[in-house]
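A structural walkthrough
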Amino acid sequence: MALHLAFSPCPNDTFVFHALVHGQVPGAPPVTVTYADVDVTNTAAARGEFDLVKVSYAALPWLLDKYELLPCGGALGRGCGPLLLAAGDQAGDARAGRALAAGDLTGATVAVPGERTTAYLLLRLWSADRPPARIEVVPFHEIMPGVAAGRYDAGLVIHEARFTYPRYGLTELVDLGAWWEADTGLPIPLGAILARRATVDARQAADWVRDSVRRAWADPAASRDYVLRHAQEMEPEVVDRHIGLYVNEFTEDLGTDGRAAVTALLERAAAQGLTPPLPPG
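Residues numbered from 1 in each chain as written. Predicted model: local features only at pLDDT ≥ 70, side-chain atom pairs only at ≥ 80, totals over all residues. Heavy atoms only, no water.

A closer look at the overall build of the protein
Here is the rule we go by: Think of it this way: any DSSP run of H or I at least four residues long counts as a helix, any run of E at least two long counts as a strand, and we number them from the N terminus. Throughout, radius of gyration means the C-alpha value; the globule benchmark is 2.2 Å times the number of residues raised to the power 0.38. Here's how the labels work: a residue is buried when its accessible area is under 20% of the maximum for its type, exposed when over 50%, partly exposed in between, all with a 1.4 Å probe on protein chains only. Contacts between residues were defined by any pair of non-hydrogen atoms, one from each residue, lying within 4.5 Å. Using a 1.4 Å probe, the Shrake-Rupley method yields the accessible areas, and only the shown protein chains count as cover for residues.
Counting its regular elements, the protein contains 13 helices and eleven strands. Relative to the globule expectation of 19 Å for 281 residues, the C-alpha radius of gyration of the protein, 18 Å, shows essentially globular dimensions. The dimensions of the protein, computed from C-alpha atoms along their principal axes, are 60 × 45 × 30 Å. The buried share among the 281 residues of the protein stands at 53%. Once local pairs closer than 6 in sequence are excluded, the contacts in the protein between residues at least 24 apart make up 77%. As displayed, the protein offers around 12100 Å² of accessible surface, 49% of which is attributable to carbon and sulfur atoms.

See the structure below:
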């Protein structure tokens, strides 16, 4: 019976899962893949639609009744957090730029990639004591063009947008990952891999995913065509930078620092009433 796996078409995910998807991991079952943005997988996982699924760490408190967190395969690291961006002319305006950069989002319309994304949770934690903004959930690929066109005052972006936002004439207001690291000393927990309790043995699944990660590192060229095919018109240089940043030691194993980062994020969010509390253990 095939394993139903869901992850994004972003280069880090296709790089990590290439070997598993293509039947190159000994002992793993055949795999059926759904490619979807994380806001889609967060919602679908709440309905228990997938056996293995990539979701936001911020969505974890709503999913642990159906899924178990795997200690590998996800996205967590340093220097890789979400950015809050504004159009260059707006950020260059002294008054507007100072207000937005200082976290005064009063009356501003901010595009975010999903209500249960880690990016939006970090924004809410960062702006907890500041006036609220008007939030609009926007498909990730529409955020930067929308900010550049003036449809939104600011946009919250993730992944390869760290490398490409200047092309849209946008300016960084806040690096929420840098804020998180300075505030906690911990890496940034972005995306998690979950195994559905009713259909998958989590220990076996972790072995399959970790094997897939190691095979990707051992022979990066093997996944190249597959990664580029799903890279949404990214240039090869951007693809390489994307993989180099988001596929790291935490992808192979969360380790002590990774687990501490996840716990800190979700305990802080629960204390502020932004997410349900984590279950014991």
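Digging into the layout of surface pockets
Rules: The distinction between a cavity and a pocket rests on a 1 Å grid over the protein atoms alone: a 1.4 Å probe fits inside a cavity but cannot get out, while a pocket stays open yet meets protein on both sides within 12 Å along at least five of seven lines, and a residue with an atom within 4 Å of a point counts as lining. Grid points are joined across faces, edges and corners, and a volume is the space filled by probe spheres set on the points. Each residue gets one label: Ala, Val, Leu, Ile, Met, Phe, Trp, Tyr, Cys and Pro are nonpolar, Asp, Glu, Lys and Arg are charged, and the others, such as Gly, are polar.
When its volume is computed, the second largest pocket comes out at roughly 390 Å³. Forming the walls of the second largest pocket are 32 residues, and the residues nearest its centre are D37, V38, D39, I158 and H159. Looking at the lining of the second largest pocket, the elements that each hand over two or more residues are α2 (38-46), β3 (52-56), α5 (118-126) and β11 (188-196). Examining the composition of the lining of the second largest pocket, we find that four residues originate from one element, α2, more than from any other. Grouping the constituent residues of the lining of the second largest pocket by class yields 19 nonpolar, nine polar and four charged.

Comments concerning the side chain of S223
This is how the line gets drawn: Throughout this description, a polar contact denotes any pair of N or O atoms lying within 3.5 Å of each other; where both atoms belong to protein, one of them has to be capable of donating a hydrogen while the other can accept it, and for residues adjacent in sequence the pair is counted only when both atoms sit in side chains.
Within the secondary structure layout, S223 lies in the loop between α9 (202-218) and α10 (224-229). Within polar-contact distance, the side chain of S223 engages the backbone oxygen of P220 at 3.2 Å. Look past the residues within four positions of S223 in its chain and what remains in contact with it is F15 and H18.

Focus: α5
Counting buried positions along α5 gives eight out of nine residues, so the element sits mostly inside the fold. Those residues of α5 that sit buried are T118, A119, Y120, L121, L122, L123, L125 and W126.

Side note on the packing of aromatic side chains
The test is simple: Pairing of aromatic side chains requires ring centres within 6.5 Å, counting the rings of Phe and Tyr and the six-membered ring of Trp. Pairs whose planes differ by under 30 degrees are stacked, by over 60 edge-to-face, and all others tilted.
Evaluation of the coordinates by the stated rule reveals three aromatic pairs. For the ring pair F7 and F17, a centre distance of 4.8 Å and an interplane angle of 15° mean the geometry is stacked. Of this pair, F7 sits in strand β1 (residues 3-7) while F17 is found in helix α1 (residues 11-21), placing the two residues ten residues apart along the sequence. Assessed through its relative accessible area of 0%, F7 is described here as buried. A residue is classified by how much of its surface remains accessible, and F17, at 1% relative accessible area, is buried. On the basis of an interplanar angle of 90° and a centroid distance of 5.4 Å, the ring pair of F7 and Y35 is categorised as edge-to-face. Of this pair, F7 sits in strand β1 while Y35 sits in strand β2 (residues 31-35), placing them 28 residues apart in sequence.

Overview of the pairing of strand β6 (residues 83-87)
This is how it is decided: If DSSP finds at least two bridges between two strands, the strands pair.
Most of β6 sits out of view: five of its five residues are buried. Pairing between β6 and strand β9 (residues 154-157): three bridges, direction antiparallel. Within β9, the residue paired with L83 across the bridge is V157.

Some remarks on α2
For α2, the set of buried residues is T41, N42, A44 and A45. On its buried face, α2 is in contact with β1, β3 and β4 (67-69). Phi turns positive one or two residues past the end of α2, at G48, with a value near 70°.

Description of the sheet that holds β9
For the record, the criterion: Axis lines are fitted to C-alpha atoms, over the contacting stretch for helices. Their N-to-C directions set the angle, which ranges from 0 to 180 degrees.
If you trace the five strands from one edge of the open sheet to the other, you get β8-β7-β9-β6-β10, paired in mixed fashion. Of all the strands in the sheet, just β8 (134-137) and β10 (170-175) have a single pairing partner and so form its edges. This sheet shows a mean twist of 30° between the axes of neighbouring strands, independent of strand direction. Examined bridge by bridge, strand β7 (residues 109-112) and β9 share two bridges and lie parallel to one another. The residue of β9 that forms the bridge with V110 is A154.

Re the packing of α5 against helix α13 (residues 255-271)
What counts, and what does not: Oblique is the label for every angle not falling under 35 degrees (roughly parallel), over 145 degrees (roughly antiparallel), or within 65 to 115 degrees (roughly perpendicular). Helix crossings fall into two classes, left-handed where the near helix is turned counterclockwise from the far one by less than a right angle and right-handed where it is turned clockwise.
Here α5 crosses α13 at 55°, and the two axes come no closer than 11 Å. By the angle between their axes, α5 is oblique relative to α13. Regarding α5 and α13, the two cross each other, and that crossing is left-handed. Where α5 approaches α13, its residues T118, L121, L122 and L125 are matched on the opposing element by L265, L266, R268 and A269.

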